[in-house]
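Okay, here's what each chain looks like letter by letter:
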Amino acid sequence: MKNVKIISALLFTVIANLNVIAQVDVIELETGTTLEPFKRAQLNDSIVGQIFMLIKERDNKLRLFDEFLKEQSEAEVIVFRDEKYEPIHIQNNFRKKLSKIISIEEFGKIFQSQLEYRITRITEEKLEEADERYFLNGSQRDSLERLIYDNTVSEVITREYYGHDEDLAWNNYLLEKLESEDKLCNLVNKFGLLCTLNSKTDTLIAKAKKAGIDNNRISKILAAIQKRNRDFEIRLKNWRQDDSKHPVYFYDEGAGEHAIRMTLRKKLKEILSFEEFSILFLEQMENRIERDSEQELLRLTDGGYFTKHQLVSLRDIVNKKNQEKILTEEYFKYDYDTYQQKLRSVEYRYEKKLRALFNRFIDENKGRTKG
């Protein structure tokens, strides 16, 4: 009796599997979609059957949409279209359901062949940029090309797998891209070269070399910037996930953008001296220094009489004060107490200089009038 039950159960399983295979074969004929890509992913028949049912459902919705649009166009002067009932939304809904059935690895095995032209094009573009930045021998270039191709596959597959949600797709793509850049930099560094990823890092490296900063410290700066970029994207991804779960979301400021920026500042302080920091980043602060200096100069000279030479001397010391003040703030900004203490020290030194300068002007201007 026990054996009969076992045989019955086995027969039931075989028949069920045959039904799934037959169903898949029918849907394959109806949709015109081949089974080959799904075989490459080594999906079981049940999963393949679910995918083909999704394809059939999507195609049916697209057909109904076309019929509806044709009917409306023939019957109405103006067709008011429902933005939530468009082919793009039907496709995205299909892709969302698909992502719940198969993993990103399985998605890649199924659809990479369709994306190969795009992957190859992007790989060639990246390789061209790399050729402009690095002087590589034959074997180095071959290694770099293989890595760039593999990185591009991951980036493109990631973006398409999450393509049903624009924000999710972009966020995951950027994280994948940052990981690709890390791999590329590790390889380039093994070649004994500095890794640069764009025109901004090109400029930073050129300035750092001009300042006499060695390659080891430049690599540390670039790694710190890359970590900052990655932390930004991880924060954004976690925020979206947490915000979608809770009606009232209590945001953790300690893991926010400001905290990430300050972590980078602290790392730069550890790598660079104050003078080196100034050489690399002063240019970004010049407008602020000029604005603050002009405002202070107006306040200091309001209602007083100064010769042209005295104004030049005053402007010079005010500019120097605000330059050092702003650079000091930015260099130590990761620690509020420290930078406030440093700022007070700068203010005290320059107040003494300004007081001495004004005393000198008073002596020089005795007996003078505006006339």
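Residues numbered from 1 in each chain as written. Predicted model: local features only at pLDDT ≥ 70, side-chain atom pairs only at ≥ 80, totals over all residues. Heavy atoms only, no water.

**Notes on the state of the cysteines**
In step 1: Within the structure shown, the criterion is met by 1 disulfide.
In step 2: Here Cys185 connects covalently by a disulfide to Cys195, the sulfurs 2.1 Å from one another. Between Cys185 and Cys195 the disulfide shows an S-S torsion of about -60 degrees. By sign, it is left-handed. Of this pair, Cys185 sits in helix H7 (residues 166-190) while Cys195 sits in the loop between H7 and helix H8 (199-210), and the two are 10 residues apart along the sequence.
In step 3: Residue classification places Cys195 among the buried residues on the basis of a relative accessible area of 5%. (Disulfide = S-S within 2.5 Å. Helix = DSSP H or I, 4+ residues; strand = E, 2+ residues; numbered from the N terminus. Buried < 20%, exposed > 50% of the residue type's maximum accessible area, 1.4 Å probe, protein only.)

**A short note on H7**
In step 1: Its 25 residues give H7 an end-to-end C-alpha distance of 36 Å, which sits within 8% of 36 Å, the value for a rise of 1.5 Å per residue.
In step 2: Structurally, the start of H7 carries an N-cap: the backbone nitrogen of Asp167 is 3.1 Å from a side-chain oxygen of Asp165.
In step 3: Backbone geometry just after H7 places Gly192 at a positive phi near 85 degrees. (Expected span 1.5 Å × (residues − 1). Polar contact = N/O pair within 3.5 Å; in protein donor to acceptor, adjacent residues only side chain to side chain.)

**Regarding the packing of helix H5 (residues 104-133) against helix H6 (residues 138-161)**
In step 1: At a minimum axis distance of 6 Å, the contact between H5 and H6 shows a crossing angle of 130 degrees. Between H5 and H6, the crossing angle belongs to the class labelled oblique. Helix-helix and strand crossings are classified by hand; for H5 and H6 the assignment is right-handed.
In step 2: Here the residues of the contact of H5 with H6 sort into 14 nonpolar, 5 polar and 8 charged. (Axes fitted to C-alpha atoms, helices over the stretch in contact; angles between N-to-C directions. Parallel < 35°, antiparallel > 145°, perpendicular 65-115°, else oblique. Left-handed = near helix turned anticlockwise from the far one by under 90°. Nonpolar A, V, L, I, M, F, W, Y, C, P; charged D, E, K, R; others polar.)

**Some remarks on the side chain of Asn171**
In step 1: Looking at the element boundaries, Asn171 is found in helix H7.
In step 2: Discounting residues that sit within four places of it in the chain, Asn171 has contacts with Glu233, Leu236, Lys237 and Arg240. (Contact = heavy atoms within 4.5 Å.)

**As for the pattern of salt bridges**
In step 1: A complete count under the given rule lists 35 salt bridges for this structure.
In step 2: Ionic pairing is found between Lys207 and Glu283, a salt bridge with its closest N-O pair at 2.7 Å. Within this pair, whereas Lys207 is found in helix H8, its partner Glu283 is found in helix H11 (residues 274-301), the two being separated by 76 residues in sequence.
In step 3: A relative accessible area of 23% places Lys207 in the partly exposed class.
In step 4: Looking at Glu283, the relative accessible area reads 52%, which means it is exposed.
In step 5: Here Lys227 makes a salt bridge to Asp231, at a shortest N to O gap of 2.7 Å. (Salt bridge = Lys/Arg side-chain N within 4 Å of Asp/Glu carboxyl O.)

**Let's talk about the packing of aromatic side chains**
In step 1: Enumeration over the complete set of coordinates arrives at 12 aromatic pairs.
In step 2: Ring centres of Phe274 and Tyr331 lie 5.4 Å apart, and the angle between their planes is 90 degrees; on these two criteria the pair is classed as edge-to-face. Here Phe274, found in helix H11, pairs with Tyr331, found in helix H12 (residues 308-331); they are 57 residues apart in sequence, far enough to count as distant.
In step 3: Taken together, a centroid distance of 6.1 Å and an interplanar angle of 65 degrees make the contact between Phe358 and Phe361 edge-to-face. Highlighted residues: Phe358 and Phe361, both in helix H13 (residues 336-365), separated by 3 residues, approximately one helical turn.
In step 4: Three or more aromatic residues link up through ring pairs in this structure, and these residues are Phe274, Phe277, Phe281, Tyr331 and Phe332.
In step 5: Residue placement shows Arg58 over the ring face of Phe94; its charged tip is 4.6 Å from the ring centre.
In step 6: Positioned above the aromatic ring of Tyr350, the side-chain terminus of Lys353 is 4.6 Å from the ring centre. (Phe/Tyr/Trp six-rings, centres within 6.5 Å; stacked < 30°, edge-to-face > 60°. Lys NZ or Arg CZ within 6 Å of the ring centre and 35° of its normal.)

**Side note on the environment of Lys227**
In step 1: Structurally, Lys227 is set in helix H9 (residues 215-245).
In step 2: On the basis of relative accessibility, which here comes to 41%, the residue Lys227 falls in the partly exposed class.
In step 3: For Lys227 and Thr263, which are 36 residues apart along the polypeptide, the C-alpha to C-alpha distance reads 9.7 Å.
In step 4: Within polar-contact distance, the side chain of Lys227 engages the side chain of Asp231 at 2.7 Å.

**Here we look at a negative patch on the surface**
In step 1: Taken together, the side chains of Glu124, Glu128, Glu129 and Glu132 define an acidic patch exposed on the protein surface.
In step 2: Here Glu128 is to be found in helix H5.
In step 3: According to the relative accessible area criterion, Glu128 is exposed, its value standing at 55%. (Patch = residues over 30% accessible without salt bridge, like charges linked within 9 Å, V, L, I, M, F, W, Y side chains within 5 Å. Areas by Shrake-Rupley, 256 points an atom, 1.4 Å probe, with all protein chains shown as cover. Lys, Arg positive; Asp, Glu negative; His and termini not counted. Charge placed at Lys NZ, Arg CZ, Asp CG, Glu CD.)

**Structural notes on the nonpolar core**
In step 1: Counting 27 residues, the largest nonpolar core has Ile221, Leu272, Leu280 and Phe281 as its most contacted members.
In step 2: For this core, the secondary-structure elements that each account for two or more residues are H8, H9, helix H10 (257-271), H11, H12 and H13.
In step 3: Examining the composition of this core, we find that 6 residues originate from one element, H11, more than from any other.
In step 4: With sequence-adjacent residues up to four places away left out, Leu280 is seen in contact with Leu204, Lys207, Ala208, Ile213, Ile221 and Leu272.
In step 5: Judged by nonpolar contacts, the second largest core, of 22 residues, contains Ile55, Ile110, Val153 and Val156. (Core = buried A, V, L, I, M, F, W, Y, C linked by side-chain atoms within 4.5 Å.)

**Considerations on the side chain of Glu330**
In step 1: Structurally, Glu330 can be placed in helix H12.
In step 2: Taking the relative accessible area as the measure of exposure, Glu330 reaches 8% and is therefore buried.
In step 3: A polar contact is formed between the side chain of Glu330 and the side chain of Arg288, at a distance of 2.8 Å.
In step 4: Once you skip the residues sitting within four places of it in the chain, Glu330 turns out to touch Arg265, Phe277, Met285 and Arg288.

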